[in-house]
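Fold and geometry: a report
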Amino acid sequence: MISIEELLYRYAEDSTLALDGISLAIGEGEHVALVGPNGCGKTTLVKHLNGLLVPLAGNVIIDGMNTRDRTRLAEIRRRVGMIFQNPDNQIVGMTLEEDVAFGPGNLRLPPVEIRDRVDKALAAVGLAPYRDRHPHTLSGGEKQLLALAGILAMDPRYTVLDEPTSSLDPAARSKVLAMMTGLKLRGITIIHATHTMEDAASADRVVVMDKGRIVADGAPSSIFGRVEWLKDLGLAPPPIAELLWRLRERGVAIEPGAFTIEEAAEALAQLSGSSDGCVATGGGSMATSCIAPEDRDWTHE
Amino acid sequence: MNRYEPVAALGRGRSPVYRMDPRSKIAAAAALGVVTLKGGPYVLALASLGVAAMVVSARLSFRRLYGASKPALPFICIIFLLHLLFTEGSPLLNIALGPLKVTAVGFTEGGLLAWRFALLLQAGALLTMTTPLPELTSGIERLLRPIRVKGISSQDLALMVSLALRFLPTLQEEMESLKEAQLARGADFAAKGLRGRVRALSGLALPLSLAVFRRCDHLVEAMYARGYDGGPRTGLKGDLTLSAGDRIVIILSVAAGIACFVL
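Procedures and definitions
- Residues numbered from 1 in each chain as written.
- Chains lettered and ligands numbered in written order.
- Predicted model: local features only at pLDDT ≥ 70, side-chain atom pairs only at ≥ 80, totals over all residues.
- Helix = DSSP H or I, 4+ residues; strand = E, 2+ residues; numbered from the N terminus.
- Buried ≥ 20, exposed ≤ 12 C-beta atoms within 10 Å, placed from the backbone.
- Contact = placed C-beta atoms within 7 Å.
- Pairing = 2+ DSSP bridges.
- pLDDT = per-residue confidence, 0-100.
- Axes fitted to C-alpha atoms, helices over the stretch in contact; angles between N-to-C directions.
- Domains from an automatic or database assignment.
- Nonpolar A, V, L, I, M, F, W, Y, C, P; charged D, E, K, R; others polar.
- Arc of directions from axis to C-beta.
- Core = buried A, V, L, I, M, F, W, Y, C linked by C-beta atoms within 7 Å.
- Parallel < 35°, antiparallel > 145°, perpendicular 65-115°, else oblique.
- Left-handed = near helix turned anticlockwise from the far one by under 90°.

Assigned secondary structure in chain B consists of 11 helices and two strands. For chain B, the sequential pattern of α-helices and β-strands runs α-α-α-α-α-α-β-β-α-α-α-α-α. For chain B, the residues scored as buried account for 25% of the 263 residues in total.

It is worth spelling out the overall build of chain A at this point. In terms of helices and strands, chain A carries 14 helices and 10 strands. Residues classed as buried in chain A amount to 47% of the 301 residues present. Excluding contacts between residues fewer than 6 apart, the proportion of contacts in chain A whose partners are at least 24 apart in sequence is 62%.

All names here are of chain A. Among the five residues of strand β3 (residues 31-35), four are classified as buried, and the element is accordingly described as predominantly covered. The pairing of β3 with strand β8 (residues 189-194) spans five bridges and is parallel. Following the sheet pairing, Leu34 is matched in β8 by Ala193.

With that settled, the discussion passes to the confidence of the model for chain A. Residue and element names in this part refer to chain A. Across chain A, the average pLDDT comes to 85, with 89% of residues at 70 or higher. The secondary-structure element of chain A with the lowest mean pLDDT is helix α13 (residues 277-280), recorded at 42, while strand β5 (residues 65-66) shows the highest, at 96. Residue range residues 274-301 is modelled with pLDDT below 50. Its contacts to residues more than four positions away, or to other chains, number 26 contacts.

Residue and element names in this part refer to chain A. With mixed pairing, six strands are arranged side by side in an open sheet as β6-β7-β8-β3-β9-β10. A single partner strand is all that each edge strand has here, and the edge strands are β6 (80-83) and β10 (213-218). Each strand of the sheet is rotated relative to its neighbour by a mean of 15 degrees, with strand direction disregarded. Bridge count between β3 and strand β9 (residues 205-210): four bridges; the pairing is parallel. For Val35, the partnering residue across the bridge sits in β9 and is Val208.

All names here are of chain B. Looking at chain B, the domain boundaries give domain 1 (1-146 + 240-263) and domain 2 (154-231). Facing the eight residues of domain 1 at the interface are nine residues of domain 2. When the residues that make up the side of domain 1 that touches domain 2 are grouped by side-chain class, the tally is four nonpolar, two polar and two charged.

Within the element layout of this structure, Tyr42(B) appears in helix α4 (residues 41-57). Separated by 140 residues in the primary sequence, Tyr42(B) and Gln182(B) have C-alpha atoms spaced 55 Å apart.

Taken together, the contact pairs 32 residues of chain B with 39 residues of chain A. At the level of secondary structure, the elements contributing two or more residues to the side of chain B that touches chain A comprise α8 (133-144), α9 (154-184) and α10 (193-225) of chain B. Residue contributions to the side of chain B that touches chain A peak at eight residues, all from α10(B). Along the lines of polarity and charge, the residues of the side of chain B that touches chain A split into 16 nonpolar, eight polar and eight charged.

Now for helix α12 (residues 261-271) of chain A. Those residues of α12(A) that sit buried are Ala264(A), Ala265(A), Leu268(A) and Ala269(A). End-on, the buried residues of α12(A) take up no more than an arc of 135 degrees, which puts them together on one face.

A separate point is the confidence of the model for chain B. Chain-level statistics for chain B give a pLDDT mean of 81 and a share of 89% at 70 or above. Of all the helices and strands in chain B, helix α1 (residues 7-10) of chain B carries the lowest mean pLDDT, 48, while helix α3 (residues 22-38) of chain B carries the highest, 87.

Residues and elements named next belong to chain A. Within the largest apolar cluster, 86 residues are counted, with the highest numbers of intra-cluster contacts made by Leu148 and Ala149. With seven residues, helix α6 (residues 140-152) is the largest single contributor of residues to this core. Not counting chain neighbours up to four residues away, the residues in contact with Ala149 comprise Val100, Ala121, Leu122, Ala124, Val125 and Leu127.

What follows concerns unusual backbone geometry. With the exception of glycine, the majority of residues adopt a negative phi angle, and the majority of peptide bonds are in the trans configuration. Residue and element names in this part refer to chain A. You will see that Glu163, though not glycine, has its phi angle at about 45 degrees, which is positive. Looking at the secondary structure, you find Glu163 in the loop between β7 (158-162) and α7 (170-185). Of note, the phi angle at Lys211 is positive, near 50 degrees, even though the residue is not glycine. Residue position: Lys211 is located in the loop between β9 and β10. Take Lys211: there are 16 C-beta atoms within 10 Å of it, and that puts it in the partly exposed class.

What follows covers the packing of α6(A) against α7(A). Residues and elements named next belong to chain A. Axis separation between α6 and α7 bottoms out at 8 Å; the angle between their running directions is 15 degrees. As the angle between them shows, α6 and α7 are arranged roughly parallel. Every pair of crossing elements has a handedness; the one defined by α6 and α7 is right-handed. Between α6, through Gly140, Gly141, Gln144, Leu145 and Leu148, and α7, the contact on the second element is made entirely by Ala172, Lys175, Val176 and Met179. Looking at side-chain class alone, the contact of α6 with α7 contains five nonpolar, three polar and one charged residues.

Let's shift gears to the sheet that holds β5(A). Working definition: the strands of a sheet are paired by backbone hydrogen bonds and lie parallel or antiparallel to each other. Residue and element names in this part refer to chain A. Taken together, the four strands give an open sheet; going across it, the order is β2-β1-β4-β5, and neighbouring strands pair in antiparallel fashion. Whereas interior strands pair on both sides, the edge strands pair on one side only; in this sheet they are β2 (19-26) and β5. Relative to β5, strand β4 (residues 57-62) runs antiparallel, the two sharing two bridges. By the bridge assignment, Ile62 is partnered in β5 with Met65.

Okay, here's the thing in structure tokens:
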């Protein structure tokens, strides 16, 4: 359990508060998306979760351990794994397996145990065949997977990902997102800072930040339905949420809160089982193919 | 294709040379260095045969070794020519270019020196080609362990070496992209003359240094996030252990090194 109590932080004496009274509790096994425009304090908040930054006021408590307590810092950092935006700046090893071994080595585990963890972690992210290669030879997405393996090898309870997909192409992005689902299946808590709403859609809970404060906290359906409000914050709602919102604006009696293409297709299919032959077939992919051109029509107005 | 792909990883397990402890290989290479620098032509010939035997037993191709030492060839040629032309003695050939003359002493001296350098290069290439980089750094770490510099452990030194090797290609990539960005804005890296080239390259130095510092900040943060605390660490391999063969190699290396000074 991570609990953040009345957290205040500023980078310099005379600057404005980067974090202005954040209180947040994250339970074990949760998948939380932390969204907000650039400069809202996401990264600053995230760096408090493993003691890279220490609060100016307030407390950050990880499983009962305060990040102010330097004697617990090693254990906090073992439990809270962190992945940064730029994969190149977090790889320290000359080979893949050396890199994954860095974290367990810092835990001073015996070599046999490290070997075992490294093998399992590399296999978990699908990089085992390249264990002896130089990390430089990997693609951006593979580097992020390597970073993930480095954290898995430390057997974490929480993983904090700070915009891990922002520099990746769509294929690599979906690979990294799939790995996050894998983390969830292992019961590892995920805290994912992102400004891509579609990435946030797979979370159980969305926390919206703006100007160093939490301005909304709830299920994705409750957040993404508020299309106008999101736009005012400078965030782009998922295209499908926007489409449904526009349909509602036009008087179509559709439930808000669908934000994946499949869900929206279901909602549309339930809407009318009659006139439109395409929707009547009801299948997710068929309905999707009907929505696509309409989407274009709406946005062109 | 990547230039930095560790060559040594490819041959792992194919020959006993790869399985040797990195420390005994470093010792052997160092001894070979001393022997080549101090020894006469007979010793050099013996050492060359030894290196050739190692190359064969490690199943390395001579073409590969040649490729690795190619960049140093001009240097070796210059050394040879300088000795050939500037050594005092009786002229070997009747060609005189002002004060320059080719002498027999110059020829043998230059030849020996060039031979020495070439052999040293081969010994170095042999070491790096048969030892994966992580093993090499752990060997260096173990050898440096008795030397305690205040506040810096030998593990930290080894970590520095491995970080440097890790970031070499990344920084080179960064330099390339800076170069491209500046070319796109009209910089001229193909400028003729030393002055023009220095000016063009100095335009890269500042942004590259800034990029390096920024990277360092992020890297340090990521290292702390992964539990680095400056204290002792463990690794994939346990502490290095010397086999009987390794011990023999080390003893022979030390003996050869000492012999060079005594005899």
